Amino acid sequence: MIRRLALLPALCLALAALAQPVTPPPVAARAYYLLDTLSGKALAAQAEEDRFEPASLTKLMTAYLVFAAIRDGKLDPAATVAVSEKAWRAGGSRMFIEPRKPVTVGDLLRGMIVQSGNDATIALTEAVAGSEEAFAQLMNREAKRLGLRNTNFVNSTGLPAPNHYATARDMAVLAAALIRDFPDRYALYSQKEYTWNGITQANRNRLLWLDPTVDGVKTGFTEAAGYCLVASAKRGERRLVSVVMGAQSDALRMSENQKLLNFGFLAWDTQRLYRKGQVVANAEIFKGTSATVKLGFDRDVWLTLPRERFEGLQARLTTVQPFVAPYSRGQNAGIMKLARDNAAVAEIAVVALEDVPAAGFLSRGWDTIRLLFR
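What you are looking at is a predicted structure, and each value in this text was computed from that prediction instead of being measured.

Novice: Got a minute to help me understand the packing of aromatic side chains in this structure?
Specialist: The way to describe two aromatic rings as a pair is by their centre distance and the angle between their planes. Tallied over the entire structure, the rule returns six aromatic pairs. Aromatic side chains Phe-323 and Tyr-327 sit 5.4 Å apart centroid to centroid with 85 degrees between the ring planes, which places their arrangement in the edge-to-face category. The ring of Trp-196 has Lys-101 lying over it, and the distance from NZ or CZ to the ring centre is 5.3 Å.

Novice: What exactly am I supposed to notice about the pairing of strand β2 (residues 31-36) here?
Specialist: Two faces make up the sheet, and in a regular strand the side chains alternate between them. Among the six residues that make up β2, six are buried, leaving the element largely enclosed by the rest of the structure. Of the two faces of β2, the one carrying Ala-31, Tyr-33 and Leu-35 and the one carrying Tyr-32, Leu-34 and Asp-36 are both buried. Here β2 pairs with strand β10 (residues 238-247) via six bridges, running antiparallel. Its bridge partner being in β10, Tyr-32 is matched across the sheet by Val-244. Here β2 runs beside strand β3 (residues 42-46); their pairing, made up of four bridges, is antiparallel.

Novice: Which parts of the structure should I look at to understand helix α3 (residues 105-113)?
Specialist: Side chains that are three or four residues apart share a direction in an α-helix, a result of its 3.6 residues per turn. Most of α3 is tucked away: eight of the nine residues are buried. Among the residues of α3, Val-105, Gly-106, Asp-107, Leu-108, Leu-109, Gly-111, Met-112 and Ile-113 are the ones counted as buried. Along its buried surface, α3 packs onto α1 (59-71), β4 (80-81), β5 (103-104), α4 (118-129), β6 (193-196) and β8 (214-222).

Novice: Looking at this structure, how should I read the side chain of Asp-215?
Specialist: As for its position among the elements, Asp-215 is in strand β8. Judged by its relative accessible area of 19%, Asp-215 falls in the buried class. If near-sequence neighbours (up to four positions away) are discounted, Asp-215 is found in contact with Tyr-186, Tyr-189, Ser-190, Leu-208, Ser-232, Ala-233 and Arg-239.

Novice: Would you mind showing me how to read the pattern of salt bridges here?
Specialist: If charged atoms from side chains of opposite charge come close, those side chains can pair. In this structure the tally under the stated criterion is 19 salt bridges. Between Asp-250 and Arg-206 there is a salt bridge, and its shortest N-O distance comes to 3.0 Å. Highlighted residues: Asp-250 in helix α9 (residues 250-267) and Arg-206 in the loop between β7 (199-202) and α8 (207-210), separated in sequence by 44 residues. Note that Arg-370 and Glu-284 form a salt bridge whose closest N and O atoms lie 2.9 Å from each other. Taken together, the positions of Arg-370 in helix α10 (residues 361-372) and Glu-284 in strand β12 (residues 279-286) put the pair 86 residues apart, joining distant regions of the chain. A relative accessible area of 32% means that Arg-370 is categorised as partly exposed. By relative accessible area, Glu-284 is classed as partly exposed at 33%. A cluster of three or more residues bridged by salt bridges with shared partners is formed by Lys-86, Glu-132 and Glu-133.

Cut-offs and rules
The numbering scheme is per chain: residues are counted from 1 as the chain's sequence reads. Predicted model: local features are reported for residues with pLDDT of at least 70 only, side-chain atom pairs are reported and counted for 80 or more only, and whole-chain, interface and lining totals are derived from all residues. Side-chain calculation: all heavy atoms of the structure are included, whereas hydrogens and water are not. Each Phe, Tyr or Trp ring, with Trp reduced to its six-membered ring, pairs with another whose centre is within 6.5 Å; inter-plane angles below 30 degrees give stacked pairs, above 60 give edge-to-face pairs, and intermediate values give tilted ones. In this analysis the charged atom, NZ for Lys or CZ for Arg, is taken to sit over a ring once it is within 6 Å of the ring centre and within 35 degrees of the ring normal. Note on classification: 1.4 Å probe, protein chains only; a residue is buried when its accessible area is under 20% of the maximum for its type, exposed when over 50%, partly exposed between these limits. Secondary structure elements are defined from DSSP: runs of H or I of at least 4 residues count as helices, runs of E of at least 2 residues count as strands, and each element is numbered from the N terminus. Pairing between strands is defined by DSSP: at least two bridges between them are needed. Two residues qualify as a contact provided that any one of their heavy atoms is within 4.5 Å of a heavy atom in the partner residue. Whenever a carboxyl oxygen of Asp or Glu lies within 4 Å of a side-chain nitrogen of Lys or Arg, that contact is scored as a salt bridge.

Below you can see the structure in the form of structure tokens.
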């Protein structure tokens, strides 16, 4: 039987108005994507599932796997790495490492992230997987796990290669995962320059100088890919990730990302509706050691809507009853529906916040009789 439970008074709030479409500004690029990382909502997109060469945006996945190897104790940032001839001879942007000059994993990370060095990138992949080819297999396996549904990697650098492609949406998801999973390592992406072998190179992400809220992440360029940039900015609690692929100049990839970030922060807002573990109802339960079970959320619940529209909506909890023990913590218990004027805005899964074991024989028998007369 479907029942609507009365909510706790503090949660019977006006939550949000059903959003009318919010039009993003025109963006001069082949594809773009703007993501709010708190709610996971896409705020603007164009050709976001079309496949393009990602150029050095590829190095986001390389960094993700190197960070994971460090986290798992498979790679030491202070360890010295042997530079192979393949790494030394890498074309394109370079850190200028040399086969007989010691270089640490930490040095190579800065060479890859700040300088976008293809030589540093290959040296790191060989340190992790033995060869760039083996590392590319790890990249694709991780891409699948992260839900990058239209991405395929052939190398770790982003140098042009057949069947090497990605989408704007996938690059945003990847960048958000890197920031979420490796917050301490992510700080490397805000470093503005790095010196190695007597050569100082500036970070190509010029938004680091133009917008103090921008703290990453990666540029890319090839003739086929055009000018690409994944950027991220944090203002208050909110973090946005913007992706521009296929711009016609370095200046445009900067200005169009800045345009997207400003649009996302100014036109949209994200608010936390519920906290992880917050109780929204105490539901009656039968055949258990307790007469009720606490219901709520197993994560913080964030909602993104156009600004000034967080008003006028009702929250209603719908459950399928009766609840019968045993019931486990985290077990699905219902849906919190947010709506206005009979128009749905969001549906959020509600779970049990506690275990309710089965009661003894006599209590279960009595509740069996009670259930017959419900």
